[in-house]
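# Examination of the molecular architecture
What follows is the residue order along each chain.
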Amino acid sequence: MEDRKELEELVIHRNKTQATLTKLELTIDEVLERYVGSLGLSQIVQVFLVSLAWIFDSQNTLVTIFSDAQPHSWRCKLDAGGGCSSNSSSSSSSSSSSSVCELVPGTWEWVGGNSSSILAEWGLICDRRFLAAVPASLFFLGSLLGSSFYGRLADSWLGRKNTVLLSCLLTSITAFITSFSPNVWIYAVLRFANGFSRSGIGICCLVLSTEAVGRKWRGQVGQYGFFLFTAGFLSLPLLAYPTRTNWRNLYRIISLLPLVYSLFLLPFVSDSPRWLLVRGRSKEALDVLKKFARFNGKELPNNLILLNPSSSIKTGNGGESESLPAIGNSKTLWTSRWAARRIIIVMMAGFGVGFVYYGIQLNVENLNFDLYFTVALNAMMEIPAVLIGSVLLSFTNRRLLFALSAYTAGISCILCSIFSDRSHKQEYKAGGSWAQLIIEGIGFMGASTAFDVMYIYCVELFPTNVRNFAVSLLRQALMLGASLAPLLVVLGRLSPSTSFLIFGVLSIFSGLFSLWLPETKNAPLYETLEQQEEEGGVEPSHLSDDSGLELGR
């Protein structure tokens, strides 16, 4: 019996030894492609749950279209006396504020009441008209600063999932508090705080979605989030119309949704296995991959270990690595010359795209159409933009698609400026120009496609250990452009053609900048800057003194 027991122990030991000697060492990309599946049921559920947060990002970003809108009409008060002439009352959004500036204060009133928007409640017209742009500009400046904060937080110790949770909770709190603003200055500060809070949603949701799938589906998965962003945009007219007499109620409604999401849906989301691996938490990374495989009806090999480019020791099924990962890598986004060149070009292109994308949306009130109808139309134009982008990303070069989309938006805006000039001169009373509205819709569709593709492009240009930070820098550039757009919208109330012309020129310049970026279609996602230099054909920064721009390969 003792001999038999010793023999069994010997066989078990031998099997363990053989398993150890035949360990299967693979990267996460290889595990996804061979064993988990590039895009299975588990990843579809993961991407959907993550992408739902884009709804709140959209609502909090674009809510000012309604809350900060110029009321469409005014009327004389019954007891106005001779200070107001009923013959001068206007229902034209393009002329209402200018005409009331000539009247005696207190002799007229907004048809929708003073609580319909912040302009009506706090009198942000006439000599105070540019104050109306301050809250929206500060919102995007807050988003700019928040992008850097959340980008570093998600790449370092907090991770993608927990950063989304923090961003959603803060977004909910700041949106709710905004509804109690007593004046425009407090309102502007709270919009800044809300912009800072929500800026982590888009960054982390995009990265968290794309890092869970194989390279074949990265572009399409990245577009799924923009579908939900569009859904949030499309929901705004539906929420704003019932609350059109009180802008504060609109903020209270949109504050509830991210809170519900954080408490009941986000707990079912898994963190990025790529981030976990880079942070040295290989066992957790492997557990996430096993979970994906199990729900896809597959199973990972028992002898599988994950190759960690940032660690000197390969890590396996049994536990963590024997040495800490090189989280504080000697190379960063700014010390690697090739990476610094890329991010600078990305940010320059992103500035123009952000300016045009958000500017066109905020500028809809200058089209002289019903605001709810125009916003809904623009939101619906994002649907074909995302669909076309998703299809084209599967077989078209990223650089070409982005450039053509930016050119389309630019040319359309320039054409809009021509129609705006004609419409302004002729002073249409029955409504705006339908030709202008159609061209504006095409331009917005182009701007939306360029906006979406730029995010996917940025994800593929940089490795895991700096990817979230790179996307956050792109986000900062987008928000910097967006922060200037409200000022141009206010200017557009005086000269619509000028605002559209500037939008068009900037969009075309953004498309030109992309010509100096490399193509990333079907390229692997690298884990570290060093790995991308070694395997991706990028010239190492310490060997290159060439400061020229990196023309596409």
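These figures come from a predicted structure and were not determined experimentally.

### As for the overall build of the chain
The number of helices and strands found in the chain is 21 helices and 4 strands. Per-residue burial for the chain yields a buried fraction of 58% across its 553 residues. A separation of at least 24 residues holds for 82% of the contacts in the chain among residues at least 6 apart in sequence. For the chain, the accessible surface area stands at approximately 22500 Å², while carbon and sulfur atoms represent 63% of it.

### Observations concerning the nonpolar core
Grouped together as the largest cluster of nonpolar side chains are 106 residues, with contacts concentrated most on I65, L333, Y358 and F462. When residues of this core are assigned to their parent elements, the largest contribution, 15 residues, is made by helix α18 (residues 434–461). Those residues in contact with Y358 that lie beyond four places of it in its chain are T61, L62, F140, R198, F229, F451, M479 and A482.

### Examining a nonpolar patch on the surface
Together, L501, V505, F509, L512, L515 and W516 make up a nonpolar patch on the protein surface, roughly 500 Å² of accessible area in all. Among the structural elements, L515 can be located in the loop between α20 (496–513) and α21 (529–535). With a relative accessible area of 40%, L515 lands in the partly exposed category.

### As for helix α3 (residues 41–51)
Within the span of α3, buried status applies to S42, Q43, Q46, V47, L49, V50 and S51. Those residues of α3 that are buried lie in contact with α2 (28–36), α4 (53–62), α10 (184–210), α11 (218–240), α12 (247–264) and α14 (282–295).

### Details of the side chain of S412
With respect to the helices and strands, the residue S412 is situated in helix α17 (residues 398–426). The class of S412 is buried, set by a relative accessible area of 8%. Apart from the residues within four sequence positions on either side, S412 is in contact with I439, I442 and G443.

### Points about the pattern of salt bridges
Between side chains of opposite charge, a pair can form when the charged atoms approach closely. As enumerated under the stated definition, the model contains 13 salt bridges in all. When the shortest N-O distance is used, the salt bridge between D57 and R198 registers 2.6 Å. Note that D57 is positioned in helix α4 and R198 in helix α10, a separation of 141 residues in sequence. One salt bridge in this structure joins D57 and R475, with 3.1 Å as the shortest N-O distance. Of this pair, D57 sits in helix α4 while R475 sits in helix α19 (residues 464–492), and the two are 418 residues apart along the sequence. For the pair shown, D57 and R475 are each scored as buried. Several salt bridges converge on common partners, so that one network encompasses D155, R160, E211 and R467.

### Quick word on the environment of I502
Within the secondary structure, I502 sits in helix α20. Classification of I502 by relative accessible area gives partly exposed; the value is 34%. Counting along the chain gives 14 residues from I502 to L488, while the straight-line C-alpha distance between them is 8.6 Å. Ignoring anything within four residues of it in the chain, the contact list for I502 reads F355 and L488.

### What about the packing of helix α9 (residues 159–178) against α12?
Remark: α9 packs on α12, axes separated minimally by 8 Å, with the N-to-C direction vectors making an angle of 160 degrees. When the interaxial angle is binned, α9 and α12 end up roughly antiparallel. Crossing handedness for the pair α9 and α12: left-handed. Contacts between α9 and α12 involve V164, L165, C168, L169, S172, A175, F176 and T178 on the former and, on the latter, W247, Y251, R252, S255, P258, L259, Y261 and S262. Of the residues contributing to the contact of α9 with α12, the split by class is 11 nonpolar, 4 polar and 1 charged.

### Comments concerning the environment of L208
Within the secondary structure layout, L208 lies in helix α10. Along the sequence, L208 and Q46 sit 162 residues apart, while their C-alpha atoms lie 9.0 Å from each other. If we skip the residues at most four places from it in the chain, L208 touches Q46, V50, R160, K161, V269, S270, D271 and S272.

### Structural notes on unusual backbone geometry
Although it is not a glycine, C126 sits at a positive phi angle of roughly 55 degrees. With respect to the element layout, C126 can be found in the loop between α7 (118–122) and α8 (134–155).

### Things to note about the environment of A132
Along the polypeptide, A132 turns up in the loop between α7 and α8. On the accessibility criterion, A132 (6% relative accessible area) is buried. On a C-alpha basis, the gap between A132 and D68 in space is 7.0 Å, while along the polypeptide they are 64 residues apart.

### Observations regarding the packing of α11 against α18
Contact geometry for α11 and α18: axes closest at 10 Å, N-to-C directions at 135 degrees. If you check the angle between α11 and α18, you find them oblique. As for how α11 packs across α18, the hand of that crossing is right-handed. Touching R218, G219, G222, Q223, F226 and F233 of α11 are F444, D452, V453, Y455, I456 and E460, all from α18. Among the residues making up the contact of α11 with α18, the classes are represented as 6 nonpolar, 3 polar and 3 charged.

### Here we look at α2
Residues of α2 that are buried include every one of I28, D29, V31, L32 and V36, and no others. Angularly, the buried residues of α2 cover 165 degrees about the axis, an arc narrow enough to put them on a single face. Tucked into the core, α2 has its buried residues touching β1 (24–26), α3, α13 (273–278), α14 and β4 (304–306).

### Thoughts on the packing of aromatic side chains
Under the definition given, this model contains 29 aromatic pairs. Of the aromatic side chains, those joined through ring pairs into one cluster are W54, F139, F140, F226, F229, F233, Y357, Y358, F444, F451 and Y455. The ring of Y241 carries the charged tip of R244 above its face, separated from the ring centre by 4.0 Å. Lying across the ring of F180, R252 places its NZ or CZ 4.9 Å from the centre.

### Here we look at the confidence of the model for the chain
Chain-level pLDDT for the chain is 82 on average; 82% of the residues reach the 70-or-more range. Here residues 86–96 scores under 50 on pLDDT; set against residues more than four positions off or in separate chains, the count is 26 contacts. In the predicted structure, residues 541–553 sits below a pLDDT of 50 and forms 36 contacts with residues beyond four places in sequence or in another chain.

Parameters at a glance
- Residues numbered from 1 in each chain as written.
- Predicted model: local features only at pLDDT ≥ 70, side-chain atom pairs only at ≥ 80, totals over all residues.
- Heavy atoms only, no water.
- Helix = DSSP H or I, 4+ residues; strand = E, 2+ residues; numbered from the N terminus.
- Buried < 20%, exposed > 50% of the residue type's maximum accessible area, 1.4 Å probe, protein only.
- Contact = heavy atoms within 4.5 Å.
- Areas by Shrake-Rupley, 256 points an atom, 1.4 Å probe, with all protein chains shown as cover.
- Core = buried A, V, L, I, M, F, W, Y, C linked by side-chain atoms within 4.5 Å.
- Patch = residues over 30% accessible without salt bridge, like charges linked within 9 Å, V, L, I, M, F, W, Y side chains within 5 Å.
- Salt bridge = Lys/Arg side-chain N within 4 Å of Asp/Glu carboxyl O.
- Axes fitted to C-alpha atoms, helices over the stretch in contact; angles between N-to-C directions.
- Parallel < 35°, antiparallel > 145°, perpendicular 65-115°, else oblique.
- Left-handed = near helix turned anticlockwise from the far one by under 90°.
- Nonpolar A, V, L, I, M, F, W, Y, C, P; charged D, E, K, R; others polar.
- Arc of directions from axis to C-beta.
- Phe/Tyr/Trp six-rings, centres within 6.5 Å; stacked < 30°, edge-to-face > 60°.
- Lys NZ or Arg CZ within 6 Å of the ring centre and 35° of its normal.
- pLDDT = per-residue confidence, 0-100.

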